[in-house]
Amino acid sequence: MTDAVLETRGLSKTFLGFTAVDGVDLSVQRGHIHALIGPNGAGKTTLFNLLTRFLEPSAGEIRFDGTAVTALPPRQVARRGMVRSFQISAVFAGLSVLDNVRVALQRKLGLSLHFWRSVRVLDQINEQALAILDQVGLAELANEAAGALPYGRKRALELATTLAMDPVLMLLDEPTQGMGYEDVDRVTSLIKKISAGRTVLMVEHNMKVVASIADTLSVLQRGRLLATGSYQEVSANEEVIRAYLGGGRRGGTAA
Amino acid sequence: MTASFTSRRISPRASAYALLLIALIAAPWVGLYPVLGTKILCYALFACAFHLLLGYTGLASLGHAAFLGVGGYLAGYGVKAWALPPELALLAGLAAGALLGLVIGFISIRRSGIYFTMITLALAQMVYFLCVQIPQTGGEDGLQGIDRGLLFGVLDLRDDTAMYYTVLVIAVACFLFIARVVYSPFGQALQAIKDNEPRAISLGYHPPHYKLIVFILSAALTGLAGALKAISLGFVTLSDVHWMTSGHALLMTLVGGMGILSGPVVGALALVVLENKMGELGTLIAGATGIAWFTTLGESVMMVMGIVFVICVLAFRRGIMGEVVALQQRRRGTPASSSTTSASREPQP
C-alpha cells in the first residue's frame, strides 16, 4: 500500500438536485504535487470546499492524515494541517505584508484573544515571519500594505500565509490564475520549492504548469473523477481526450 | 507595525494627540461651558465605542442606543432608588451594557452585513418598548434630577468643572483602552476577519468568538457612556434608547472619519457643538446675510443634520480626520488611495 495523506470515499455534493461532485474517490499521496484539472464547472472548487469543510458533503467521507475529518468544522480541518488558498486572491488588505504572515502564526501562540496586550508581544514571531516571507521573495516588502501589492505578489503573499500554518497538505485553488508569463513561472517554481516535505493538491488550468511540476494528475468532469495518474498516463486516456477535446474535434480547442 | 514603522510615524501623531489633550484640559478655563464639554465627551465616548465595532470589525450596529440608554437608566435608577455613589452607578452602567451586549451580540453576530444591522435594530427596538413600558424608567417623563453625588465619597461632582474633569479622565482612559484593543494581537485578528473572513477561517480562526468579544467590549463602553451622560447631565429620557441615537453614533463616526481612532471624537465634537449652537449660528448668519429665516435654524436641527450627512457622503467620504490624514499623506508623497487602510493601522501614540 502507498501512503495516502488524503483519501475520499464516495464524496458527493448535491445543490437542489444538481450534483456538482459525484462519488469522488480521490487519493493524494504524501509528498506529491497532485494537480486537479478539468473543464469549467467540473466541480473542482466545490471539491476543494468539501475537502476543507467550507461546504457540507451530501454523502461520502474524507480521511486526512489517518483520521476522519468529514464531521469537523473548517477551522479544525485547518488546525490539523490541511490549509487552503482561494481562487480569488485572499490577502488581508488592511494589514502589512508582515502582519499577514504574523496573523497566521500568532494563533498558535495562544495570544489571539488577548485584547489587553500590546501588539508588540507579537515581535517575538517577526523573525519566523520574515524567514517565511524570504522564501517567497517578499522579505523586502514586509512593511508595505498588503492591499497595495501587485497581483502576482499578492498570490505569493497568500502562499507565505498558507506556509506559516506549517501545513501537512496545501490546497491551492488556481494559484497562477490571471497571471502573466513571468508571474506564472515565478509562482510555479515557488510552489515546487515550498512543496519540499509537504503535499500539495492544486487546481490548475495551465497545462504547462501541470506538466512541469505535478507528480500526479486527476481529471474531473461533471463532478466525476475520470482518471488519475501521471501526466503521460492521463494525457493518453481516451475518456480524458474526449472530455477535453469534445469527441476528437481537435480544431475546436486549437482556435 | 515593526519598529521602523513606529518610529517613523509616531511623532506628528503623538504631538497632535498631546495638543488635543492640552486643549481639552484647558477648555473650561478659556470659556467652554463645562456642561457642554461634558456632553461632548460623553458622545465622543459613545461614538468611539460604536466605531470599535464598525471601523475595526466592519459590523454596523443600529442597536447601540439600547446600550447607551440601558446603561444610563440603570445608573440613574441606581442613584435615585438605591442611593448608589457615582462610581458604583457608572460601574452598573458598564455592566448593564456588557450584559445586554452579550445577549444582543450572541444573537446578531451570526449574520453579517445588512442582516446584522437589522437584527441589532430589531433587538434594540424591543429594549426601547420595554423602557416605555416598565415603571422604573419613568416612561415618557424619563428619569429627572439624578444627583451627581460625591465621587469615592470625596470629590463633589455637583461642581460642573469637577464633573467635566472626571468625565475627561474616564473618556481618555477608555480611548486609550480602545487604542490598545485595536493594536493588540486580538485587534490584528479582528482586522484579518474584517478583511477576509473565509481566509481567516482557513487559518484556523473562529470568527464568532472574536466578534462576540468585541461586541461586548463596544456595548460595555457604550453603557458606561450612557451612565456618564445620565450622571453628568442629570437625566435619562426615551430619546437615549431611541434608534435615532444609534443613527447619531453612525453619523458622528462617518463625519469624523471611519477607520481612524480620533475620527469619532472629532465627529462627536462637530455634531454636538453644531446641535447645541445651531440657534446662535443661525442668528449669526442672519445678521451677516440679512436673511431673517436663518434665525429659525435652531428649531430645524434635524434638517441641518441631514444636510451635513448628505454633504459628508457626497463631498468628503473619508470624513474630517480622513481628509486630514489624506492631506498629510499627499504632502509626504504617498498615494492617497491607500490612505484609509494604512491610516487605520498606524500605531497608537
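Rules of the game
In this numbering scheme, every chain counts its residues from 1 along its sequence in written order. Naming scheme: in the order in which they are written, chains are lettered from A and ligands are numbered from 1. In keeping with the predicted nature of the model, local features appear solely for residues at pLDDT of at least 70, side-chain atom pairs appear and are counted solely at 80 or more, and the whole-chain, interface and lining totals rest on all residues. Here the side-chain values reflect all heavy atoms present in the structure, with hydrogen atoms and water set aside. When DSSP finds two or more bridges between two strands, those strands count as paired. Here a strand is any run of E in DSSP of at least two residues, a helix any run of H or I of at least four, and the numbering for each starts at the N terminus. Every axis in this analysis is a line fitted to C-alpha atoms, fitted for helices over the stretch in contact. Angles between the N-to-C directions lie between 0 and 180 degrees. Bear in mind that the domain bounds are from an automatic or database domain assignment. Any pair of residues with heavy atoms lying within 4.5 Å of one another is described as a contacting pair. By buried area we mean how much accessible surface two parts lose on assembly, using a 1.4 Å probe and totalling the loss over both. Each reported salt bridge corresponds to a side-chain nitrogen of Lys or Arg within 4 Å of a carboxyl oxygen of Asp or Glu. Throughout this description, a polar contact denotes any pair of N or O atoms lying within 3.5 Å of each other; where both atoms belong to protein, one of them has to be capable of donating a hydrogen while the other can accept it, and for residues adjacent in sequence the pair is counted only when both atoms sit in side chains. Any residue that is not Ala, Val, Leu, Ile, Met, Phe, Trp, Tyr, Cys, Pro, Asp, Glu, Lys or Arg is counted as polar, Gly included; the first ten are nonpolar and the last four charged. Exposed residues in this analysis have more than 50% of their type's maximum accessible area, buried residues have under 20%, and partly exposed residues fall in between, with area computed by a 1.4 Å probe over protein chains only.

1. Some remarks on the sheet that holds strand β9 (residues 199-203) of chain A
Residue and element names in this part refer to chain A. Spatially, 6 strands are ordered β7-β8-β9-β4-β10-β11 in an open sheet, and the strand pairing comes out mixed. On the outer flanks of this sheet lie β7 (82-84) and β11 (224-229), each paired with one strand and no other. Here the strands of the sheet are splayed against their neighbours by 20° on average, with no regard to which way each runs. Pairing geometry for β7 and strand β8 (residues 169-173), over 3 bridges, is parallel. By the bridge assignment, valine 83 is partnered in β8 with methionine 170.

2. Considering the domain arrangement of chain A
Residue and element names in this part refer to chain A. When the domains of chain A are assigned, the result is domain 1 (4-90 + 166-254) and domain 2 (92-148). Summarising the inter-unit geometry, the C-alpha centres of domain 1 and domain 2 are found 29 Å apart. At the interface, 6 residues of domain 1 touch 5 residues of domain 2. Summed over both partners, the interface of domain 1 with domain 2 buries about 410 Å², with 50% contributed by carbon and sulfur atoms. At the boundary of domain 1 with domain 2, the tally comes to 0 salt bridges. Here domain 1 is connected to domain 2 by 1 residue pair in polar contact (both at pLDDT 80 or more). In terms of residues, the side of domain 1 that touches domain 2 owes the most to one element, helix α6 (residues 181-194), which gives 3 residues. For the side of domain 1 that touches domain 2, the per-class residue count stands at 3 nonpolar, no polar and 3 charged.

3. Describing the pairing of strand β4 (residues 33-37) of chain A
Residues and elements named next belong to chain A. Within β4, 5 of the 5 residues are buried, leaving the element largely enclosed by the surrounding structure. Every second residue of β4 is oriented toward a common face, with Ile33, Ala35 and Ile37 on one face and His34 and Leu36 on the other, all of them buried. Pairing between β4 and β9: 4 bridges, direction parallel. Counterpart to alanine 35 in the pairing with β9 is methionine 202. Of the pairings in the sheet, the one linking β4 to strand β10 (residues 216-221) comprises 4 bridges and is parallel in character. Along β10, the bridge assignment pairs leucine 36 with serine 218.

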